[in-house]
Amino acid sequence: MSAVAAASQPAQQEDGGIPIESLPLEELAKVKKSLDQEQTALIKNFEQLKFAMNSYMRSKRAVEALSETEVGSETLIPLTNAMYVPARTSEVDSVLLNIGTGYYSEKPCKGAMEFFDRKSGFLKARAKELEILIRQKQNSAKQVMQVYQAKGKLNGHPPSLLFSSSLHLVSPQTSNSLLPLTVAKQAELNAQNAKALSN
């Protein structure tokens, strides 16, 4: 069984797992590094899910606004991110949706809003699953860090070589929440930890 699996379930020695307390400092450092990398990847996925959720909600608001627009109203149509052309609305009862992989579907405005709600609901559920996984990785990393600190003190390693605390997560339900540590900042902290351990 890998050291990462042992860190994830340290108390299950009777099931064949290796207790993290029995690992040498070098192995603990590897386990911590692996857990940090996994956390970073999961948080990146979490941020992408939040971005997609926000995109669906913006699209829903746009369809709502369009459905309340009168036929013949002036509007701007985006050709690129920076170029728009003036136009007039000709029909506001239905919209053309990009449903993925290059396919489009014409739907009434109500159906389009329901589509956006379904997609947002699916992504919200996935974000909750990721949040649980991230918290599990954080707990595992915290356990490894505690064992490392205890062994480090016994072996005479100064506290400056010991791991720093890991990532923090904010619930996806708050609309303007951000992760306190960005992926780039976490990667920088992980690199500092690895450098300190190699000295």
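The structure we're discussing is the one just above.
Residues numbered from 1 in each chain as written. Predicted model: local features only at pLDDT ≥ 70, side-chain atom pairs only at ≥ 80, totals over all residues. Heavy atoms only, no water.

1. A short note on the nonpolar core
Part 1: With 10 residues, the main nonpolar core is built from Ile20, Leu23, Leu25, Leu28, Val31, Leu35, Ala141, Val144, Val147 and Tyr148.
Part 2: Listed by contribution, the elements that provide at least two residues to this core are α2 (25-67) and α3 (109-154).
Part 3: Of all hydrophobic cores here, the second largest spans nine residues; its members include Phe46, Met53, Leu123 and Ala127. (Core = buried A, V, L, I, M, F, W, Y, C linked by side-chain atoms within 4.5 Å. Buried < 20%, exposed > 50% of the residue type's maximum accessible area, 1.4 Å probe, protein only. Helix = DSSP H or I, 4+ residues; strand = E, 2+ residues; numbered from the N terminus.)

2. So, unusual backbone geometry
Glycine aside, residues mostly have negative phi angles, and peptide bonds mostly take the trans form.
Part 1: Phi at Thr101 is positive, roughly 50 degrees, even though this residue is not glycine.
Part 2: Topologically, Thr101 is positioned in the loop between β3 (94-100) and β4 (103-108).

3. As for the side chain of Ser94
Part 1: As for its position among the elements, Ser94 is in strand β3.
Part 2: A polar atom in the side chain of Ser94 sits 3.0 Å from the side chain of Glu106.
Part 3: Sequence-distant contacts of Ser94, defined by excluding residues within four places in its chain, comprise Glu106, Lys107, Pro108 and Cys109. (Polar contact = N/O pair within 3.5 Å; in protein donor to acceptor, adjacent residues only side chain to side chain. Contact = heavy atoms within 4.5 Å.)

4. Notes on the pattern of salt bridges
Opposite charge on two side chains permits pairing when their charged atoms draw close.
Part 1: Here the structure, examined in full by the defined rule, presents seven salt bridges.
Part 2: Measuring nitrogen to oxygen at the nearest pair gives 2.9 Å for the salt bridge that ties Lys60 to Asp117. Of this pair, Lys60 sits in helix α2 while Asp117 sits in helix α3, placing them 57 residues apart in sequence.
Part 3: Overall, Lys60 belongs to the buried group, its relative accessible area being 17%. (Salt bridge = Lys/Arg side-chain N within 4 Å of Asp/Glu carboxyl O.)

5. Regarding the pairing of strand β1 (residues 74-78)
Part 1: Buried residues are scarce in β1, accounting for zero of its five residues.
Part 2: Looking at chain direction, β1 and strand β2 (residues 84-88) are connected through five bridges and run antiparallel. From the neighbouring strand, Glu74 faces β2, where its bridge partner is Arg88.
Part 3: The turn linking β1 back onto β2 is made up of five residues. (Pairing = 2+ DSSP bridges.)

6. Considerations on the environment of Ile43
Part 1: On the secondary structure map, Ile43 appears in helix α2.
Part 2: Between the alpha carbons of Ile43 and Leu133 there is a distance of 9.7 Å; along the sequence they are 90 residues apart.

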